[in-house]
Amino acid sequence: MRVSLLQNAVRRPAFHSAHAVGGIDPVAVWDFAQGEFPQGFGHTRTSVGLGIDASGNFATIGANMLRYDRSKALPEVILEPSATNILSFGEAQIGAGWTPSGASAVNLALDALGQFAGCRVASNGATWHRLLHSERPVLASGVPYRVTCWLELGSSDQAVIILRDNTGGTESRLQATNSTATVQSELAGQITEISTSVSLGVLELSCVFTPNFSRDVNFGIGPASSVAGQDVIILGAQVTMGTVRSTYVHSFGGAATRAADIVTWAAPSGEFDLRLTMGDGTHRDQTNISTGTSWAPEMPLRASKLALYPVGTL
């Protein structure tokens, strides 16, 4: 009896993986930060795409290679459906697809986000003075488009996106600072799902525009100032069909497409709880989900790790 008690006293607890929750091991793990995947996992993408390096700059990643945001505490994978930038010239440069309207403009050489040279655009005394995308993409009435711009606020400390229907003589306007965005007009179509974020001094301004016309759109960005000389630095922009957010798709001379990330998850079949671990270490849980051979999480997806657990674990 004494020997048995001594053995129990020194017995080590059962081994659990580093992914265990409350002493319960996962049924399957996709640890993108550590490169740990179930047997049968696979990924393809037939074009290059952009990731984010440890400094926060954009990084071009080759076809069929996983893309990551490495600026987080834990690397996050970037998985997206296909996206087409219908602006012929994504980077804002005078003489390369962009021209001033009322404003004064000069090209820069910033290499902002490791991608954009930049163009300084100054008002000549009216809030509508702006930089125009020269080739006007054709939009369809009632169809939502995701509009995203990359800017550095200058002396005006603000910027305006103007989406104008020249034929109808109407326009929709979105004015923004680094922290706020305000819809000024929706005469050419509704503006929704507005967001702003700042990284490395660059403002990413995004919204969904649903036009009420079916023809070309006059797209421009300016400093939103009636004070001559006040400026904004415009880096680049994209317009993609649908409401889904997308990493930047570089275009030069025509619409450009980034292919979809196609993933074979090789998930087990059954009912499970799902935990997504984000790049900052926080979790997002889903309970009682059904998985099988065709299962896939919703995209776009950014996560450091996914793990399936028996129902009731989370």
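None of the values given here were measured: they were computed from a predicted structure.

Rules and cut-offs
Residues numbered from 1 in each chain as written. Predicted model: local features only at pLDDT ≥ 70, side-chain atom pairs only at ≥ 80, totals over all residues. Heavy atoms only, no water. Salt bridge = Lys/Arg side-chain N within 4 Å of Asp/Glu carboxyl O. Helix = DSSP H or I, 4+ residues; strand = E, 2+ residues; numbered from the N terminus. Buried < 20%, exposed > 50% of the residue type's maximum accessible area, 1.4 Å probe, protein only. Polar contact = N/O pair within 3.5 Å; in protein donor to acceptor, adjacent residues only side chain to side chain. Contact = heavy atoms within 4.5 Å. Pairing = 2+ DSSP bridges. Axes fitted to C-alpha atoms, helices over the stretch in contact; angles between N-to-C directions.

**Q** What is the right way to look at the pattern of salt bridges in this model?
**A** Should the charged atoms of two oppositely charged side chains come close, the side chains can pair. The tally for this structure, following the rule as stated, stands at 15 salt bridges. Linking Arg-302 and Asp-69 is a salt bridge whose minimum nitrogen-to-oxygen distance equals 3.6 Å. A residue pair is termed long-range when its members are at least 10 positions apart, and Arg-302 in strand S24 (residues 301-303) and Asp-69 in strand S5 (residues 67-69) qualify at 233 residues. Overall, Arg-302 belongs to the partly exposed group, its relative accessible area being 33%. Exposure remark for Asp-69: the relative accessible area of 3% places this residue in the buried category.

**Q** Even after reading the chapter, I still don't get the side chain of Glu-171, so can you show me in this structure?
**A** Within the secondary structure, Glu-171 is located in strand S14 (residues 170-176). Polar side-chain contacts of Glu-171 include one of 3.1 Å to the side chain of Arg-164. Discounting chain neighbours no more than four positions away, the residues touching Glu-171 are Ile-162, Leu-163, Arg-164, Ser-185, Glu-186, Leu-187 and Ala-188.

**Q** For this particular structure, what's the right way to read the sheet that holds strand S16 (residues 189-199)?
**A** Ordered by their spatial adjacency, six strands build an open sheet running S9-S10-S19-S12-S17-S16, and the pairing between neighbours is antiparallel. Of all the strands in the sheet, just strand S9 (104-107) and S16 have a single pairing partner and so form its edges. On average, each strand axis in the sheet is tilted by 30° relative to the strand beside it, whichever way the strands run. Relative to strand S17 (residues 202-211), strand S12 (residues 145-153) runs antiparallel, the two being bridged by seven bridges. In the strand pairing of S17, Cys-149 is matched with Leu-205.

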